[in-house]
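# Observations on the model geometry
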Amino acid sequence: MDRAGLADFLRRRRELLRPADVGLPPGARRRTPGLRREEVAAIAGVSADYYTRLEQARGPHPSASVVAAVARALRCEVDERDHLFHLAGHTPPPRRAGRHVPPGLMRLVDHLIEVPVLVLSDLTEVLWQNRLADALTGPLAPEPGRANNGAWRWFTDPSLRAMCPPEDRAGLSASHVRDLRAVWSRRGGDADVTSLVTDLRAASAEFATLWERHEVAERRADRKRFHHPEVGLVAVTCEVLLTPESDLALLVLFPTEGTDAREKFDLLRVIGTQELHPTRS
């Protein structure tokens, strides 16, 4: 770990960003250029003290997940992200199917505030979502990985299934498995794919049965319904916009035509999460 180099890079990268670059209001007059340390920390999901110590070359050795979160918060391009990993003493993740969200994609999603928006890996791990997605389905777990993986949670977490009407669940299960089969077909030898499929087959008899059907189809569009504790049943039309070079998907949930979902989105923007969803463990 190059503590001095890491501290210098973090500081210089932070000073290049303005609040508007990361979707924050300008706020009061700033004495120094760029973002404040506590703003970067909040976006990355770490404490302000922890991030400050990294910038002062006196912090602990950050985990790979923390480095990835800081890279996203600082809107690093992929070369800058890899440099950050090297400075922190880690091997950068593969450029294919990694967890890095490109700054261009982040700039786009910062402007999409009228509908729920999620950025997912090709293995359905939610890497980022906007506040309206938080309000609709609950906030992300603080640590990346299985706790934010849609396929894993669907087959292992009853609270996620409870959000969908019982009559919709079989179709959603099959859709998850068909999509994962498509990923397996593209890169089934990769450790992250093999691990997820192996663990799902062991954890869920339903998944194991569906997997044996050998059905394959990428999800590019779908329709879902969510039970929300405050606004009731919300019908959405899911459109998946792919970025093939990084194996990410931008998932946008539009209100389904002929339903009252648009009005419920408006209400959700007002009430926010308001502790309506249980905290994930």
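Residues numbered from 1 in each chain as written. Predicted model: local features only at pLDDT ≥ 70, side-chain atom pairs only at ≥ 80, totals over all residues. Heavy atoms only, no water.

Tallying secondary structure elements over the chain gives 13 helices and 5 strands in all. For 281 residues, the compact-globule estimate of 2.2 N^0.38 gives 19 Å, and the chain sits close to it at 20 Å. Its C-alpha atoms give the chain principal-axis dimensions of about 55 × 45 × 30 Å. The buried share of the chain, taken over its 281 residues, is 49%. The chain carries 40 positive and 39 negative side-chain charges, and their two centres are separated by 3 Å. (Helix = DSSP H or I, 4+ residues; strand = E, 2+ residues; numbered from the N terminus. Rg over C-alpha atoms; globule rule 2.2 N^0.38 Å. Buried < 20%, exposed > 50% of the residue type's maximum accessible area, 1.4 Å probe, protein only. Lys, Arg positive; Asp, Glu negative; His and termini not counted. Charge placed at Lys NZ, Arg CZ, Asp CG, Glu CD.)

Here we come to the side chain of serine 173. Tracing the chain through its elements places serine 173 in helix α10 (residues 166–187). With a relative accessible area of 0%, serine 173 lands in the buried category. In this view, serine 173 contacts Trp154, Phe155, Arg161, Glu206 and Leu210; residues no more than four positions away in its chain are not counted. (Contact = heavy atoms within 4.5 Å.)

What follows concerns the nonpolar core. Core analysis: the biggest nonpolar cluster contains 48 residues, and Val119, Leu180, Phe207 and Leu253 have the highest contact counts within it. The contact partners of leucine 253, leaving out residues within four places of it in the chain, are Val115, Pro116, Leu118, Leu136, Phe226, Val236, Thr237, Cys238 and Phe265. Counting residues in hydrophobic clusters, the runner-up holds 26 residues, among them Leu6, Leu54, Ala71 and Leu84. (Core = buried A, V, L, I, M, F, W, Y, C linked by side-chain atoms within 4.5 Å.)

With that out of the way, let us pick up the environment of histidine 111. Relative to the helices and strands, histidine 111 is located in the loop between α6 (103–110) and β1 (117–121). Once the C-alpha coordinates of histidine 111 and glycine 23 are considered, the two residues, 88 residues apart in sequence, prove to be 8.1 Å apart.

For the rest of this paragraph, the subject is the pattern of salt bridges. Summed over the entire model, instances satisfying the criterion amount to 23 salt bridges. Ionic pairing is found between aspartate 49 and arginine 53, a salt bridge with its closest N-O pair at 3.1 Å. Here the residue aspartate 49 and the residue arginine 53 both occupy positions in helix α3 (residues 48–55), the gap between them amounting to 4 residues, near one helical turn. By relative accessible area, aspartate 49 is classed as partly exposed at 46%. Residue arginine 187 pairs with aspartate 122 through a salt bridge whose shortest N-O separation is 2.8 Å. A residue pair is termed long-range when its members are at least 10 positions apart, and arginine 187 in helix α10 and aspartate 122 in the loop between β1 and β2 (126–129) qualify at 65 residues. (Salt bridge = Lys/Arg side-chain N within 4 Å of Asp/Glu carboxyl O.)

Moving on: α3. Buried within α3 are the following residues: Tyr50, Tyr51, Thr52, Leu54 and Glu55. Of the residues one or two after α3, alanine 57 is the one with positive phi, at around 60 degrees.

The final tally for this structure, using the stated rule, is 3 aromatic pairs. Measuring from centroid to centroid gives 5.3 Å for phenylalanine 155 and phenylalanine 207, while their planes differ by 80 degrees, and the two rings are edge-to-face. Here the residue phenylalanine 155 occupies a position in helix α8 (residues 150–156), and phenylalanine 207 occupies one in helix α12 (residues 205–212), the gap between them amounting to 52 residues. On the numbers, 5.5 Å between centres and 80 degrees between planes, the contact of tryptophan 184 with tryptophan 211 is edge-to-face. One end of the pair, tryptophan 184, is in helix α10; the other, tryptophan 211, is in helix α12, with 27 residues separating them in the sequence. Through a chain of ring-to-ring contacts, the aromatic side chains of Phe155, Trp184, Phe207 and Trp211 assemble into a single cluster. The ring of tryptophan 152 is capped by arginine 146, whose NZ or CZ atom sits 4.8 Å from the centre of that ring. Its guanidinium or amino end placed over the ring of tryptophan 211, arginine 181 lies 3.8 Å from that ring's centre, counting from NZ or CZ. (Phe/Tyr/Trp six-rings, centres within 6.5 Å; stacked < 30°, edge-to-face > 60°. Lys NZ or Arg CZ within 6 Å of the ring centre and 35° of its normal.)

For the pair α10 and α12, the least separation of the axes is 10 Å and the interaxial angle reads 60 degrees. As summarised for this structure, α10 and α12 are arranged oblique, according to the angle between their axes. Relative to α12, the crossing made by α10 is right-handed. Residues Ser173, Ala174, Val177, Leu180, Arg181 and Trp184 of α10 form the contact with α12, whose own contacting residues are Glu206, Phe207, Leu210 and Trp211. Class assignment for the residues of the contact of α10 with α12 results in 7 nonpolar, 1 polar and 2 charged. (Axes fitted to C-alpha atoms, helices over the stretch in contact; angles between N-to-C directions. Parallel < 35°, antiparallel > 145°, perpendicular 65-115°, else oblique. Left-handed = near helix turned anticlockwise from the far one by under 90°. Nonpolar A, V, L, I, M, F, W, Y, C, P; charged D, E, K, R; others polar.)

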